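# Coordinates in review
Residue strings, one per chain:
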Amino acid sequence: MAAPVDNPDQLITSSDPEHPANLIPSLCAKFWTLGWVTGTGGGCSIRDDDLVYLAPSGVQKELMKPTDIYVLSLKAQDPSNRHQQLQRTYLRSPPVYKPSQCTPLFLAAFTRRNAGCCIHTHSHWAVLVTLLLEAKANNNSNSSVFEINNIEQIKGFGRGFQKTGNLGYHDTLRIPVIENTPHEEDLTEYLEKAMDEFPDTYAVLVRRHGVYVWGDNVHKAKTQCESLDYLFQLAVEMHQLGLPWISNIPQIAPQRT
Ligand SMILES: CSC[C@@H](O)[C@@H](O)C(=O)COP(=O)(O)O
Ligand SMILES: [Zn+2]
């Protein structure tokens, strides 16, 4: 169990706009304008070394203040109890809320991938891609993975956990899809299974729900989430035009004189 902090509010008080307690509200306000966290859905969590900063549950994510933020110690969590968030201990809790239902999913990204930030969106494009995959499955294709290649924005993704560099233009980006569950925290075991099966993925789609995207730090989580949303929108529009997501186009050798 983490030692109690003398003044818990110190953990969320800073004039630095990059402090997680300031950054979570400002990022969520930006994400709201993109339709990623409207109607209280979606959210974002940041890890700074051992400290994890989390939003409350069921609040308008774009109107949050630093004083609404929860803080917990990662190493103080009981791994056998990580899905039962009512028994989780927090270093700092706001007086009137419950912590986000997404907490165990964010913690999975922090503990299993050493992520520094995890974003959950309810983006229409993410949901539509999972619906298209579901519809395609009726035509005998695999509905549990989204695949796309030969699109420039794929270069916005890291190669994978503990690997250096980014994917290349001709690489295939693969994002696993898990089925939705009535309660958000029950997604955790399926998200963890998808992480095991796709060790290099930085995202997991949730059917008819949205997507979880993480990165080594806030910058990487945000830019990967933006790249992914761009690709999901493109994929939906490609489908409407009858264009395939996977194409076998020839690699052009660079002409250097
Ligand atoms: C519109 S309710 C959405 C929630 O059930 C959940 O999916 C979600 O993304 C946000 O959960 P929250 O507990 O408010 O952080
Ligand atoms: Zn959600």
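In this text, all values refer to a predicted model and were calculated from it rather than measured experimentally.

Turning our attention to the nonpolar core. Grouped together as the largest cluster of nonpolar side chains are 65 residues, with contacts concentrated most on I24, I69, C118, L205, V213, W214 and A221. The biggest single contributor to this core is helix α5 (residues 218-240), with seven residues. Ignoring any residue separated from it by four or fewer positions in sequence, one finds C118 in contact with S45, F106, A109, Y212, W214 and A221.

The subject of this paragraph is the site of ligand 1. The full set close to ligand 1 counts 13 residues, and G41, G43, S57, S100 and Q101 are the nearest of them. By residue class, the composition of the shell around ligand 1 is two nonpolar, 10 polar and one charged.

A separate point is the sheet that holds strand β7 (residues 203-206). Ordered by their spatial adjacency, eight strands build an open sheet running β3-β2-β1-β4-β8-β7-β6-β5, and the pairing between neighbours is mixed. Edge positions in the open sheet fall to β3 (70-73) and β5 (145-149), since each of these has one partner strand only. Adjacent strand axes in the sheet meet at a mean angle of 20° when their direction is disregarded. Taken together, the three bridges between strand β1 (residues 43-48) and strand β2 (residues 51-54) define a ladder with antiparallel strand orientation. Residue pairing in the sheet places I46 in a bridge with Y53 of β2. Against the sheet, α5 engages β1, β4 (117-121), β5, β7 and β8 (210-215), with an angle of about 145° to β8.

The next subject is the confidence of the model for the protein chain. Caution applies to low-pLDDT parts of the model: their predicted coordinates are not meant to be read in detail. The share of residues in the protein chain with pLDDT of 70 or more is 95%, and the mean pLDDT across the chain is 94. Both scores are available for the predicted complex, with the pTM at 0.95 and the ipTM at 0.98.

Cut-offs used in this document
Residues numbered from 1 in each chain as written. Chains lettered and ligands numbered in written order. Predicted model: local features only at pLDDT ≥ 70, side-chain atom pairs only at ≥ 80, totals over all residues. Core = buried A, V, L, I, M, F, W, Y, C linked by C-beta atoms within 7 Å. Buried ≥ 20, exposed ≤ 12 C-beta atoms within 10 Å, placed from the backbone. Helix = DSSP H or I, 4+ residues; strand = E, 2+ residues; numbered from the N terminus. Contact = placed C-beta atoms within 7 Å. Near = placed C-beta within 6 Å. Nonpolar A, V, L, I, M, F, W, Y, C, P; charged D, E, K, R; others polar. Pairing = 2+ DSSP bridges. Axes fitted to C-alpha atoms, helices over the stretch in contact; angles between N-to-C directions. pLDDT = per-residue confidence, 0-100.

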